[in-house]
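# Coordinate inspection notes
Next come the chains, spelled out residue by residue.
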Amino acid sequence: MTDNANVVKPDLADATITVLGLGHIGLPTALGLAELGHHVIGADDDAGKVERIRSGDPIFYEPGLNDLLAKHLQSGRFQPVSKVDFAVQSGTIIFICVGTPQKANGQADLAQVEAVARVVARNLNGYKLIVEKSTVPAITAQWLKRTIVRYNLGKPPVAEGESKSGQPSPASPDFDVASNPEFLREGKALEDFFRPDRIVCGVESERARRILTSLYSPLQRPIVVTDISTAELIKHAANAFLSTKISFINMVADLCEKVGADVTAVTNGIGLDSRIGPQFLDAGIGYGGYCFPKDVRAFIYLAEEHGVDFSLLQEVERVNQRRVDIFVRKVRQALWTLPGKTLGILGLAFKAGTDDIREAVSLKIMQALLGEGTHLRVYDPQAIPNTQREFPPATENLTYCASAYEAAQGAQALLLLTEWEEFRQLDLLRLRDLMEVPILVDGRNLFNPETVRQAGFEYVSMGRDGVKPEVRHANQGKATP
Ligand code: UGA
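Let us look at the structure shown here.

## Details of the environment of Pro63
- Turning to its location among the elements, Pro63 is positioned in the loop between α2 (47-54) and α3 (65-75).
- On the accessibility criterion, Pro63 (32% relative accessible area) is partly exposed.
- A C-alpha to C-alpha distance of 15 Å links Pro63 and Arg195, two positions 132 residues apart in sequence.
- When neighbours within four sequence positions are excluded, Pro63 is seen to be in contact with Gly187, Leu190 and Gly353.

## Considerations on helix α13 (residues 361-371)
- Residues of α13 that are buried: Val361, Ser362, Leu363, Ile365, Met366, Leu369 and Leu370.
- Of the surrounding elements, those touching the buried residues of α13 are α12 (311-335), β9 (342-346), β10 (375-379), α14 (384-390), β11 (398-400) and β12 (413-416).
- Backbone geometry just downstream of α13 places Gly373 in the positive-phi region, at approximately 85 degrees.

## Considerations on the nonpolar core
- Counting residues in each nonpolar core, the largest one holds 57 residues, and the members touching the most others are Phe327, Ile345, Met366, Leu369, Leu376, Leu415 and Phe423.
- Examining the composition of this core, we find that six residues originate from one element, α13, more than from any other.
- Ignoring anything within four residues of it in the chain, the contact list for Leu415 reads Phe327, Val331, Leu343, Gly344, Ile345, Leu346, Leu369 and Val441.
- Membership of the second largest hydrophobic core comes to 38 residues, among which are Ile53, Tyr127, Phe194 and Ile211.

## Details of helix α8 (residues 206-216)
- The buried count for α8 comes to eight of 11 residues, which makes it a mostly enclosed element.
- Buried within α8 we find Arg207, Ala208, Ile211, Leu212, Thr213, Ser214, Leu215 and Tyr216.

## Digging into the site of the ligand
- Taken together, the neighbourhood of the ligand is formed by 20 residues, with Leu184, Glu186, Lys235, Asn239 and Arg444 sitting nearest.
- With respect to the ligand, the side chain of Lys235 contributes an N or O atom lying 2.7 Å from an oxygen atom.
- About the coverage of the ligand: the protein hides 92% of its 710 Å² of free accessible area.
- Top contributing element to the shell around the ligand by residue count: helix α9 (residues 228-259), with three residues.

## Notes on empty space enclosed by the protein
- Taken as a whole and assessed by the stated rule, the structure comprises two cavities of 30 Å³ or more.
- One number sums up the size of the largest cavity: a volume of about 50 Å³.
- When residues of the lining of the largest cavity are assigned to their parent elements, the largest contribution, three residues, is made by helix α11 (residues 292-305).
- Across the lining of the largest cavity, the residue classes break down as five nonpolar, six polar and two charged.
- Its volume calculated, the second largest cavity comes out at about 40 Å³.

Procedures and definitions
Residues numbered from 1 in each chain as written. Predicted model: local features only at pLDDT ≥ 70, side-chain atom pairs only at ≥ 80, totals over all residues. Heavy atoms only, no water. Helix = DSSP H or I, 4+ residues; strand = E, 2+ residues; numbered from the N terminus. Buried < 20%, exposed > 50% of the residue type's maximum accessible area, 1.4 Å probe, protein only. Contact = heavy atoms within 4.5 Å. Core = buried A, V, L, I, M, F, W, Y, C linked by side-chain atoms within 4.5 Å. Near = heavy atom within 4 Å. Polar contact = N/O pair within 3.5 Å; in protein donor to acceptor, adjacent residues only side chain to side chain. Areas by Shrake-Rupley, 256 points an atom, 1.4 Å probe, with all protein chains shown as cover. 1 Å grid on protein atoms, 1.4 Å probe; cavity = no way out; pocket = protein on both sides within 12 Å on 5 of 7 lines; lining within 4 Å. Points joined across faces, edges and corners; volume = space filled by probe spheres on them. Nonpolar A, V, L, I, M, F, W, Y, C, P; charged D, E, K, R; others polar.

Quick look at the structure:
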């Protein structure tokens, strides 16, 4: 990674940037901005977390993050703090990257965003641009603005900086809000920060537009400037659309099995159509993670709240939820009976490149298989510590393993649930010899069926193992005259 300090635009050269929330979005964003040459204060009210970050531990696994954190703790351009008031007072551009969890009804829980708005309100000491980066429902920015004004009442007038009108007014606090949704993928967060497909800036003042576009111009990527509600909607629509692609291809995979077709060839065949594209058409056990499941539900809720029948997305969610049963059924079909069987599990993280297990389909599958009375030997290159918080090591019938080979030891089937590159490189013959029965059920279509079968495995995958049904003639089954 090169040091981009020299490309900072003059008008932002000494503006301090504050990032509120140092999680999967906030930390990569803060370090990315530090790498671009800015002085960044990263604040989180979890003092223990800040202490660890300050000592060089990014807390979660994300490729490249360790090095970038070390680099900018050293350069002094990244300053992690737990005093959120201080962080807001010090920053001119404030990125809100706090969590937006979910309520039982699917609605986004914006309590943390509101709390941040109140901290901002009591610390407005000059012009500030407040930027939402967390995924939030449309019109959240309007609430943000209203909350800041509401809680700023009675506070001292704006002390410094230019106001929107050019004239600081004691009656109205001087700030803009903007929406700059993030499209970072876990496991590729830094890559996505430095080379995003596009950057979306939802603004309602020329000043906010100028600040955000000059902040990102060194990246030389397309910048889409919209109003704020549109920017908020773009983020939700993007995640909902990608989830739709995944559920769509999973249904195609099920159909492929019935008619003896190969879903990977279908993906290739449709993906080469530039109107469709090949990405996010990998069939498998379904989507998981902190974003897609939650964002699809929040989008459904938003539509319902506004009287729009978006039942398409309800179906996307239903299709996704069925993947667990479909996969477990495959395992049962391969093994005939499940109780008492030993199964090796390769992969726990919700996808490769992360240690995140939130809403991981693999964990739902684990739960279902434990419920069927199987013994599980599980392995993941990164996600074991997080999984152990959900399934403690003392869990009955569960053994944590230090390698894929250890997980295969004595197993009657191996189940591949996360598409780690490391699994693709496994020595299949060694794996086979370790197992009691060499069956591989590949929930991600990671392997080439022929290679695995040649290595002596019985191989089951997603949407590729169907047998062509016999052609039935129109008069078949009818009595002949
Ligand atoms: C997703 C979006 O891709 C990011 O653009 C967005 O910024 C982020 O959510 C967010 O809202 O914060 P992420 O959750 O990190 O990123 O993961 P993805 O790579 O999108 O994968 C999501 C799930 O879909 C994973 O479980 C993955 O295994 C699954 N998936 C993905 C498939 O089953 N098939 C595919 O073809 C692609």
